[in-house]
Amino acid sequence: IISQGLARHFRDAGLEPLGQRMNVFGANRRVVGVVADARYRGVVQAGEDVYVPNLQIGVPTNYLVIRGKVPAGELLALVRRTLKDMDPTQAIAGEATLGQLVERNTARDRFNVAILLLFAAGAIVLAAVGIHSVVRESVAVRAKEMAVRTALGASRGRLSAQTVRGVVLCVAAGVGTGVLAALLLGPAAEHLLYSVSARDPWILSGVAACVLIVAIVSSLLPAWNAAGQHPRRQLFSD
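Each value, and the rule that gives it
- Residues numbered from 1 in each chain as written.
- Predicted model: local features only at pLDDT ≥ 70, side-chain atom pairs only at ≥ 80, totals over all residues.
- Heavy atoms only, no water.
- Helix = DSSP H or I, 4+ residues; strand = E, 2+ residues; numbered from the N terminus.
- Buried < 20%, exposed > 50% of the residue type's maximum accessible area, 1.4 Å probe, protein only.
- Contact = heavy atoms within 4.5 Å.
- Areas by Shrake-Rupley, 256 points an atom, 1.4 Å probe, with all protein chains shown as cover.
- Core = buried A, V, L, I, M, F, W, Y, C linked by side-chain atoms within 4.5 Å.
- Salt bridge = Lys/Arg side-chain N within 4 Å of Asp/Glu carboxyl O.
- Pairing = 2+ DSSP bridges.
- pLDDT = per-residue confidence, 0-100.
- Patch = residues over 30% accessible without salt bridge, like charges linked within 9 Å, V, L, I, M, F, W, Y side chains within 5 Å.

S.K.: I keep staring at the overall build of the protein chain and nothing clicks. Help me out?
M.R.: Of the regular secondary structure elements, the protein chain holds eight helices and four strands. Scored against the burial criterion, the 238 residues of the protein chain give a buried share of 21%. For the protein chain, the proportion of contacts with a sequence separation of at least 24, taken over those separated by at least 6, is 62%. Of the roughly 17,100 Å² of accessible surface on the protein chain, a fraction of 63% belongs to carbon and sulfur atoms.

S.K.: Looking at this model, I keep getting lost on the nonpolar core. Mind explaining?
M.R.: Most often, soluble globular proteins have nonpolar side chains that are buried together. Judged by nonpolar contacts, Ile131, Val135, Val139, Val167, Val171, Val175, Ala208, Val211, Val214 and Ala215 together constitute the single largest core of ten residues. In this view, Val175 contacts Ala208, Val211 and Leu212; residues no more than four positions away in its chain are not counted. Among the nonpolar cores identified, the runner-up in size contains eight residues, and Ile2, Ala7, Phe10 and Val24 belong to it.

S.K.: I'm lost on the pattern of salt bridges in this one. Help?
M.R.: Side-chain pairing between opposite charges can occur once the charged atoms of the two side chains come close. Tallying each qualifying case throughout the model produces one salt bridge. When the shortest N-O distance is used, the salt bridge between Glu95 and Arg80 registers 2.4 Å. Separated by 15 residues along the polypeptide, Glu95 in the loop between α2 (72–86) and α3 (98–105) and Arg80 in helix α2 bring together distant segments of the chain. Classification of Glu95 as partly exposed rests on a relative accessible area of 37%.

S.K.: Explain helix α1 (residues 4–12) here, please?
M.R.: Residues three or four positions apart in an α-helix share a direction because the helix packs 3.6 residues into each turn. All buried positions along α1 are accounted for by Gly5, Leu6, Ala7 and Phe10. Where α1 is buried, its residues contact β1 (2–3), β2 (21–24) and β4 (34–35). Gly14 sits one or two positions beyond α1 and adopts a positive phi of about 85 degrees.

S.K.: Explain the side chain of Ser3 here, please?
M.R.: When you line up the elements, Ser3 lands in strand β1. When its relative accessible area of 0% is taken as the criterion, Ser3 is described as buried. Aside from chain neighbours lying at most four places away, what touches Ser3 is Val34, Val35, Ala36, Asp37, Gly47, Glu48 and Asp49.

S.K.: Looking at this structure, how should I read the pairing of strand β3 (residues 27–30)?
M.R.: Looking along a regular strand, one sees the side chains alternate between the two faces of the sheet. Where β2 lies against β3, four bridges are found, and the strand directions are antiparallel. The residue bridging Val24 from the neighbouring strand is Ala27, located in β3.

S.K.: Before we go on, may I ask you to explain the environment of Leu101 in this structure?
M.R.: Its place among the elements puts Leu101 in helix α3. For Leu101 and Val43, which are 58 residues apart along the polypeptide, the C-alpha to C-alpha distance reads 9.4 Å.

S.K.: Please explain the confidence of the model for the protein chain as it appears in this structure.
M.R.: Parts of the prediction with low pLDDT should not have their coordinates interpreted in detail. Taken as a whole, the protein chain shows an average pLDDT of 80; of its residues, 86% reach a score of 70 or greater. Here helix α8 (residues 231–235) is the element of the protein chain with the lowest mean pLDDT, 53, and β4 is the one with the highest, 92.

S.K.: In this structure, what is going on with a nonpolar patch on the surface? I would like to understand it.
M.R.: There is a patch of nonpolar side chains on the surface, built from Ile124, Val196, Ile203 and Val207 and spanning about 300 Å² of accessible area. By secondary structure assignment, the location of Ile124 is in helix α4 (residues 107–141). Overall, Ile124 belongs to the partly exposed group, its relative accessible area being 34%.

Written out as structure tokens, the structure reads:
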């Protein structure tokens, strides 16, 4: 019995897997079935596997996989008692739950992802602080312009909306550039991810929304305050 990944090689060559013969463990064997790919060697990638009856291999089975409805501790104790009753001389070299095996297999990847998340969080904080500072400065620079507009009859709400709109358009251009860069460079980190795409639209949308919200909040209050100042105070403040 072969896995779907191995059967795909036969189909790519124009052959039907069932009935084909293969040299497995030094013997010529016939393919009698195809099963789904399994990830028992690693969590991320499935292997191209061959399954042969234990009696035809000549090597005694040294792994036992058990599924139960009781807690892992009780199940392991039951297995030990059962094996002892069957063969008191049989030793157990090691034991682990499926969760423990997954943790061991993904320990390095989880560490790498944690480091990347730490740097990503730092980058978002730095970006938010930078945007906040630049936006406040840009609003302060336009204070005299807003004073002139106020003297000519522009309302406070209109001035604030125009200022926020200009800031959002500039930030949106930067966000668009960042999203494009993420789409192009994201696959380079694909090997660190499992069941998640490096181009996940929800993650990209969330980061973009976070940056835009920071820009709006950072510009709204300074723009509202600057637009509410008396024109004479703004024009002759220096």
